[in-house]
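# Understanding the architecture of this molecule
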Amino acid sequence: MATLITLLPGDGIGPDVTASARQVLDAVADRYGHTFEYREALIGGAAIDAVANPLPNDTIEACEAAEAVFLGAVGGPKWSDPNASIRPEQGLLKLRAVLGVYANLRPVKIYPELAGASPLRPEILDGVDLLVVRELTGGIYFGKKTRTDDAASDLCEYTTDEIERIVRVAARLAEGRRGKLCSVDKANVLETSRLWRDVTDRVLADEYPALEVETLLVDAAAMHLLSRPADFDVIVTENMFGDILTDEASMLAGSLGMLPSASLGNSRAGLYEPIHGSAPDIAGQGIANPCAAIASAAMLLRHSLGLEKEAAAVEAAIAEAIAGGARTADIVAAGHTHVSTDEMTAEIIRCLR
Ligand code: IPM
Ligand code: MG
C-alpha cells in the first residue's frame, strides 16, 4: 500500500527545497521498495494569493489524511506589511496547532568538513552534537494579542500539562543519547518560566533521576551555546526561546541551510520542515541549500514512517556528498565553486546506498 505524504512547498525557496526532498524520498522508495504517494497543498503566501487564506481547509484535510507532512517555507516581502491582517506565518502557526505537534526537534550536527563555514573557531566546534527540543504550540506565539494605535501586548501562557509533556519528550530523547538535559528558561523574570522550572525539576527528579540535568537562563544559554557548544546534549525550552536559540545554533553548523526539524505530537502525521525560512533574496535562482530539507525528509522517514535504516542512509548520503566536496553557495569556501540546488540534490542521491 502507498504511503501518503502531503507536501506544502509554500513560498520563496520552499518549492525549490521541497522538490529536492521529494526527489530523495523517491530515490529511497525506489531503492528500498516502498511506494510513496504525494499530495501537494497550499500554505502561506502562495495560499493567500490563491484563495486569500494562509491555511485553506483543503490543506488541513490533506495534512490530516497523510502519514507525514513536509513543509518548505512560508513568508516573503510581498506579504510582510506589518499592518496586514492576513499573514503567511499564520498558516504555519495554525497548522502546528491543528496537528497538535507540540514537540519540535531541531538537531544540530556538525559536518567536520564544514567547520570552516562557521564563524566560530574549529576547536570550539569539535564534538558538537546537540538537539534542541522546542515547545511548539504554546507560549507567547499563541497567547492573546492586542493592538491599538499606541500600545500592543502579547500574552505568554503555559500550563503544567504543556510543560510536563514537552519535558518528557526531551528526557526520553536524552536517555537515548548522552543522558544530559539542559532546560532553558527566564525564571529570574518571567512567571511562566518559574512554572516551567518547578515542573521541569519535579518531572526530572521523579521520573528521570538518572539524567544529568542543567538549568540555564536564556541569556546565559545564548552565550554558552557559543562558548561551549560541545557540552550540550539535549536542550529543552519554550516556544520563543527555542526559535531564537536554534537560529543561533545553526551558525555552529555553518549555515541555516543545514538544519532540519521534526514536529511531533498527538496527531498521526508529523510535520517536517527545514528551519530556514523562505529566503526571498535567493528564491527562484536554483541556488538554495537543499541539505536541511533533505535531512528533514530523513527525519520524516524515521519518526513518521518508522524507516530507521532508510533515514540513516539519507543522512549518510548527505555527509558523503559534503565530504566529497559538494557545496551550495551558503557553505562554499571563498574562491571555490558552488553547485546548484539540483546538482547538490543529485549528488546526495548518487551517494545514497
Ligand atoms: C521557525 C520560523 C517560524 C517560527 C516563523 C516562520 C513563524 O522562524 O520555524 O523557526 O517563528 O516558529
Ligand atoms: Mg525561527
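The structure displayed is predicted, hence computed values, not measured ones.

With that out of the way, let us pick up the site of ligand 1. Near ligand 1, the surroundings consist of Glu89, Arg96, Arg106, Arg134, Tyr141 and Asp243. Residue tyrosine 141 places a side-chain N or O atom 2.6 Å away from an oxygen atom belonging to ligand 1. Burial of ligand 1 by the protein amounts to 79% of the accessible area it has alone, namely 320 Å². Across the shell around ligand 1, the residue classes break down as 1 nonpolar, no polar and 5 charged.

Turning next to the side chain of serine 261. Tracing the chain through its elements places serine 261 in the loop between helix 9 (239–250) and strand 11 (262–264). Here the side chain of serine 261 touches asparagine 104 through a polar contact of 3.5 Å, side chain to side chain. Engagement of the side chain of serine 261 in a polar contact is seen with the backbone oxygen of glutamate 273, the distance being 2.8 Å. If we ignore the near neighbours within four places in the chain, the residues touching serine 261 are Asn104, Leu105, Arg106, Leu271, Tyr272, Glu273, Ile275, Ser296 and Met299.

Under the domain assignment used here, the protein chain contains domain 1 (1–105 + 255–353) and domain 2 (119–253). With centres defined by C-alpha atoms, the gap from domain 1 to domain 2 works out at 24 Å. Listed as interface residues are 16 residues of domain 1 and, on the opposing side, 19 residues of domain 2. Summed over both sides, the interface of domain 1 with domain 2 buries roughly 1500 Å², with 68% coming from carbon and sulfur. Its largest share of buried area at the contact with domain 2, domain 1 owes to Tyr102, Asn104 and Leu105, together 41% of the area lost on that side. Linking domain 1 with domain 2 are 4 residue pairs in polar contact (both at pLDDT 80 or more). Taken together, the elements giving at least two residues each to the side of domain 1 that touches domain 2 come down to helix 4 (88–99) and strand 4 (103–109). The residue inventory of the side of domain 1 that touches domain 2, partitioned by class, reads 10 nonpolar, 5 polar and 1 charged.

Let's shift gears to the packing of helix 1 (residues 14–32) against helix 12 (residues 341–350). Running from amino to carboxyl end, helix 1 crosses helix 12 at an angle of 20°, the nearest separation of the two axes being 10 Å. On the basis of their axis angle, the class for helix 1 and helix 12 is roughly parallel. Judged by the twist between their axes, the crossing of helix 1 over helix 12 is right-handed. Contacts between helix 1 and helix 12 pair Asp16, Ser20, Gln23, Val24, Ala27 and Arg31 from the former with Thr341, Asp342, Thr345 and Ile349 from the latter.

Quick look at the side chain of threonine 192 now. Tracing the chain through its elements places threonine 192 in helix 7 (residues 191–207). For threonine 192, a relative accessible area of 16% gives the class buried. Those residues in contact with threonine 192 that lie beyond four places of it in its chain are Cys156, Glu157 and Tyr158.

Rules of the game
- Residues numbered from 1 in each chain as written.
- Chains lettered and ligands numbered in written order.
- Predicted model: local features only at pLDDT ≥ 70, side-chain atom pairs only at ≥ 80, totals over all residues.
- Heavy atoms only, no water.
- Near = heavy atom within 4 Å.
- Polar contact = N/O pair within 3.5 Å; in protein donor to acceptor, adjacent residues only side chain to side chain.
- Areas by Shrake-Rupley, 256 points an atom, 1.4 Å probe, with all protein chains shown as cover.
- Nonpolar A, V, L, I, M, F, W, Y, C, P; charged D, E, K, R; others polar.
- Helix = DSSP H or I, 4+ residues; strand = E, 2+ residues; numbered from the N terminus.
- Contact = heavy atoms within 4.5 Å.
- Domains from an automatic or database assignment.
- Buried area = accessible area lost by both parts, 1.4 Å probe.
- Axes fitted to C-alpha atoms, helices over the stretch in contact; angles between N-to-C directions.
- Parallel < 35°, antiparallel > 145°, perpendicular 65-115°, else oblique.
- Left-handed = near helix turned anticlockwise from the far one by under 90°.
- Buried < 20%, exposed > 50% of the residue type's maximum accessible area, 1.4 Å probe, protein only.

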